[in-house]
Structures are given as C-alpha cells and as structure tokens.
Amino acid sequence: MIKAVLFDVDGVLVQGEPFSTHLARDYGISTEKTAAFFRGRFLECLVGRADLKEVLITYVPQWGWQGSVDEFVDYWFRCEHNVNEPLVHAVQQLRQQGIRCYMATNQEKYRTAYILEQMGLAEKFDGMFSSASIGCMKHETAFFEHILREFNDIKAEAMIFWDDSAGNVATAKKVGLLAELYRNFAGFEEKMKRYLGAS
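Just so you know, these numbers come straight off a predicted model, no measurement behind them. (Residues numbered from 1 in each chain as written. Predicted model: local features only at pLDDT ≥ 70, side-chain atom pairs only at ≥ 80, totals over all residues. Heavy atoms only, no water.)

*Asks:* Would you mind going over the environment of Gly187 with me for this structure?
*Replies:* Mapped onto the fold, Gly187 is located in helix α11 (residues 185-198). Assessed through its relative accessible area of 27%, Gly187 is described here as partly exposed. Sequence-wise, Gly187 and Tyr59 are 128 residues apart; in three dimensions their C-alpha atoms are separated by 40 Å. (Helix = DSSP H or I, 4+ residues; strand = E, 2+ residues; numbered from the N terminus. Buried < 20%, exposed > 50% of the residue type's maximum accessible area, 1.4 Å probe, protein only.)

*Asks:* Got a minute to help me understand the layout of surface pockets in this structure?
*Replies:* Of the pockets and cavities examined, the largest pocket occupies roughly 620 Å³. Along the wall of the largest pocket there are 24 residues; nearest its centre are Asp10, Phe42, Glu80, Asn106 and Arg111. Secondary-structure elements contributing two or more residues to the lining of the largest pocket are α1 (19-27), α3 (41-46) and α5 (69-79). At three residues, the largest contribution of residues to the lining of the largest pocket is made by α3. Estimated volume of the second largest pocket: approximately 150 Å³. Forming the boundary of the second largest pocket are Ala90, Gln93, Leu94, Gln97, Phe188, Glu189, Met192, Lys193 and Leu196. Counting residues per element, the lining of the second largest pocket draws most heavily on α11, which supplies five residues. Tallied by class, residues from the lining of the second largest pocket come to five nonpolar, two polar and two charged. (1 Å grid on protein atoms, 1.4 Å probe; cavity = no way out; pocket = protein on both sides within 12 Å on 5 of 7 lines; lining within 4 Å. Points joined across faces, edges and corners; volume = space filled by probe spheres on them. Nonpolar A, V, L, I, M, F, W, Y, C, P; charged D, E, K, R; others polar.)

*Asks:* Even after reading the chapter, I still don't get the environment of Thr171, so can you show me in this structure?
*Replies:* Looking at the secondary structure, you find Thr171 in helix α10 (residues 166-174). On the accessibility criterion, Thr171 (5% relative accessible area) is buried. Excluding residues that lie within four positions of it along the chain, Thr171 makes contacts with Lys138, His139, Glu140, Thr141 and Phe144. (Contact = heavy atoms within 4.5 Å.)

Printed below as a string of structure tokens:
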C-alpha cells in the first residue's frame with residue numbers, strides 16, 4: 001500500500017526554461033561564462049558546504065552583472081518561479097487520501113527557503129528533503145537512506161519517488177524505493193492510478 005510520495009522540484013514541481021537561458025537572453029551572460037561556477041562552487045552550496053551569496057560575490061562582477069548579489073539571486077529565483085499547478089493540485093488530492101507528500105530535491109539553502117515560503121509550497125506538502133540540509137545529493141544513495149531513516153513508520157516499498165532524471169530514479173531504486181521518471185502530468189496521472197489501484 002502506498003503511504004508516501006516524494007517529488008523532485010526542478011523539472012517536476014517547477015517547470016519552464018532554466019535560469020541560464022534567462023540570464024543569457026536578458027543580460028548576455030552566456031552559459032560559457034557561468035559554467036565554471038555551476039560545475040564547481042555551486043555544487044558545494046547544494047550540499048551546505050558553502051553559502052551561495054558569499055560565493056557569488058567573486059563571480060557576478062566577472063560576468064558583468066551590474067547589480068548586487070541579492071538582486072542577482074532575486075532575479076534568479078523569480079526566473080524559475082514556474083509552479084506546475086496541475087501536479088500541485090494532484091498532490092493535494094493525494095494528501096486528502098491520507099498519502100503523505102514530500103519534496104526531495106537538490107537545492108542550496110536560500111532557494112530551499114524560497115520554494116517553501118515564496119512559492120507557497122510549505123503549505124502544499126508535508127515536508128521537504130533538501131540536499132543543503134541532508135549534506136548530499138540525489139545521485140548518492142545516502143540521500144535516500146537519510147529519508148528512509150526519517151520514515152521509520154514507512155517501508156521503502158510503500159514510497160514512490162518522482163524525478164525527471166533517470167539517474168536519480170535509478171539511485172532511489174537501489175535503496176528499495178519505488179521510483180518513476182517524470183515526463184509529463186498525463187503520464188504521472190496514469191501511473192499513479194495504477195499504483196493506487198494496486199495498493
């Protein structure tokens with residue numbers, strides 16, 4: 001019987017163009033310029049080992065950003081403020097059936113707070129598992145092992161994880177979770193009906 005569902009944020013609960021696309025189009029800051037940051041120091045921010053705003057202090061002037069770091073971060077988060085409303089509505093229906101729903105996501109601490117507070121998802125979910133607080137990311141089995149320890153009343157096989165990354169789905173399966181690749185809302189609905197019909 002399904003007792004909990006975990007959802008990735010970017011590419012699942014939040015959709016639309018990536019921030020790098022907006023940045024290149026709106027300010028002419030190309031992905032080539034920002035690649036070193038996103039492949040390097042940003043990864044430390046995602047697992048809570050570095051502070052995003054402190055790290056950006058050294059990067060944004062090199063990119064030609066004219067405003068402050070706070071303005072840059074605000075622009076970044078607003079660019080990716082595109083909530084998948086049909087999916088969030090489906091989450092509310094699942095919760096009404098007594099199924100607990102959580103976010104499971106790679107996020108640094110500032111965007112974690114933004115998602116919960118500014119996007120209003122704190123009240124739409126039972127909780128959030130963020131890489132910044134766990135200290136590892138979803139490609140690591142330790143991420144899901146942490147979640148399972150938190151759910152001492154729910155076994156792995158009673159939990160479904162949805163992500164748009166096949167690699168993350170495979171990692172979740174390694175620790176015993178049910179896991180599915182999110183492609184679109186129609187596919188999600190169809191597969192969840194099968195799960196719930198069988199539970």
